Amino acid sequence: MSKLMYALLGAGALVAVASLGSRFVVADTLSGSSSSSSTSSSTSSSSTSSSSSGSGPDCSGAAAGLGVIWPPDHTMVAETIVGVTDAFGLQMTITVTGIQQDEPVNALGSGNTAPDGSGVGTPTASVRAERAGPGTGRLYFISFSATDTSGMQCSGMVQAFVPHDQGQGFTPIDTGLRYDSTVVPN
């Protein structure tokens, strides 16, 4: 039996995710398209962006490459930034500028395996596949900048999350708090 869940992601994207055992099927309800994956990953995530002008890189379509991180096995998972385009088709460099999360780095039931993020200054963020046991799941907020070969830039933020479980607690609720994922608490 499959489980069907809907997730409201950034920029008004509403997706349906059906869990078929170890396989996820993701359907974009705005365009009617769908895709499937035999790994336990994948929806787009939210993005905010800014650009110095109407040309050059556009970060408004940015998303985390995986989006959903499962299982919560405390491993570090590579999260790339996808969906950034350039008005002139120029090559771009993506740079991670920060990684935050909505749960404390050493939250109760999280495994105390700090730090939970790395990769600032590189093209790829690494985030830990874990969440607090008593929580609703963990949200990661990955800030980045994109620079094309002419020096034009945009910046944005994408989200990835570790669900609490694959049942009713699939979509985490944002606590509104932010913790630097790259810092080891004292």
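Everything below is about the structure printed above this text.
Calculation rules
- Residues numbered from 1 in each chain as written.
- Predicted model: local features only at pLDDT ≥ 70, side-chain atom pairs only at ≥ 80, totals over all residues.
- Heavy atoms only, no water.
- Helix = DSSP H or I, 4+ residues; strand = E, 2+ residues; numbered from the N terminus.
- Buried < 20%, exposed > 50% of the residue type's maximum accessible area, 1.4 Å probe, protein only.
- Contact = heavy atoms within 4.5 Å.
- Areas by Shrake-Rupley, 256 points an atom, 1.4 Å probe, with all protein chains shown as cover.
- Phe/Tyr/Trp six-rings, centres within 6.5 Å; stacked < 30°, edge-to-face > 60°.
- Disulfide = S-S within 2.5 Å.

S.K.: Give me the overall build of the protein: which residues, what numbers.
M.R.: What the protein contains, in helices and strands, is 0 helices and 15 strands. In the protein, which comprises 186 residues, the share counted as buried stands at 40%. In the protein, 60% of the contacts between residues at least 6 apart in sequence involve partners at least 24 apart. Summed over all atoms, the accessible surface of the protein reaches about 8,800 Å², with 56% contributed by carbon and sulfur.

S.K.: Quick rundown of the packing of aromatic side chains? Include the residues and the values.
M.R.: By the definition in use, this model includes 1 aromatic pair. Geometrically, the ring pair formed by phenylalanine 161 and phenylalanine 170 is edge-to-face, given 5.8 Å between the ring centres and 85 degrees between the ring planes. A relative accessible area of 7% places phenylalanine 161 in the buried class. Residue classification places phenylalanine 170 among the buried residues on the basis of a relative accessible area of 3%.

S.K.: Describe in detail the state of the cysteines, supporting the description with residues and values.
M.R.: As enumerated under the stated definition, the model contains 1 disulfide in all. In this model cysteine 59 forms its disulfide with cysteine 154; the gap between the sulfur atoms is 1.9 Å. Between cysteine 59 and cysteine 154, the disulfide has an S-S torsion of 75 degrees and is therefore right-handed. Remark: cysteine 154 occurs in strand β14 (residues 153-163) and cysteine 59 occurs in the loop between β6 (57-58) and β7 (63-64); sequence separation between them is 95 residues. An identical accessibility class is assigned to cysteine 59 and cysteine 154; each is buried.

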